[in-house]
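Each chain, written out:
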Amino acid sequence: MDISSFDDLLQAARMQPEPQRLLFVFAAVELPDDATPAQRARFEAGQGGALVPLMCVDKTPQELASFDALVAEARQFTAPGHDWAIVFAAAMSGTLNKPPTSADAEAPLQRMVDAIKGGTHGAFIPFDRQGHPVRFG
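What counts as what
- Residues numbered from 1 in each chain as written.
- Predicted model: local features only at pLDDT ≥ 70, side-chain atom pairs only at ≥ 80, totals over all residues.
- Heavy atoms only, no water.
- Helix = DSSP H or I, 4+ residues; strand = E, 2+ residues; numbered from the N terminus.
- Buried < 20%, exposed > 50% of the residue type's maximum accessible area, 1.4 Å probe, protein only.
- Contact = heavy atoms within 4.5 Å.
- Salt bridge = Lys/Arg side-chain N within 4 Å of Asp/Glu carboxyl O.

**Q** What am I meant to see in the side chain of His-121 here?
**A** For His-121, the location among the structural elements is in the loop between helix 4 (102-117) and strand 4 (125-127). Classification of His-121 as buried rests on a relative accessible area of 16%. For His-121, the contacting residues outside a window of four places in its chain are Leu-51, Phe-88, Ala-115, Ile-116 and Phe-136.

**Q** Where do I start with the pattern of salt bridges in this structure?
**A** Charged atoms that come close allow side chains of opposite charge to pair. According to the stated counting rule, one finds 4 salt bridges in the structure shown. Of the charged contacts in the structure, one is a salt bridge between Asp-58 and Arg-21, with a shortest N-O distance of 2.7 Å. Taken together, the positions of Asp-58 in strand 2 (residues 50-59) and Arg-21 in strand 1 (residues 20-30) put the pair 37 residues apart, joining distant regions of the chain. Comparing Asp-58 with Arg-21 shows no difference in burial state: the two are buried. For Arg-21, the salt bridge identified is with Glu-63, shortest N-O distance 4.0 Å. With Arg-21 in strand 1 and Glu-63 in the loop between strand 2 and helix 3 (67-77), the pair connects residues that are 42 residues apart, well separated along the chain. Looking at Glu-63, the relative accessible area reads 49%, which means it is partly exposed.

The analysis is restricted to geometry; functional conclusions fall outside its scope.
The following block contains the structure:
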């Protein structure tokens, strides 16, 4: 299935033969302190920057009604001045009709955070603040 929106992700997760747990890492885009003048200019033009994970959460597809519901929940935990720009999503599959628990999701969420910090986020689906997939060039 082609994931062209957050709703597509929810639908795909709900249709899987085994119960799923969705993993989300919210990240900001910041300019590193050691940025060159050219990098600063690109950043000011809305390009470039470094991804900085801010918070993460796991949910079953049934616990999450929509992207707006996820955004509303995230708003409760966003510190002033540290708003997120992108949310990365991944899924965990259960086994034998048993969904993964939040405890099961802790290590994969930490691996997601570490991967995003390291710039290796290709295994995750990034969404912008409107729930549209982001394409990295």
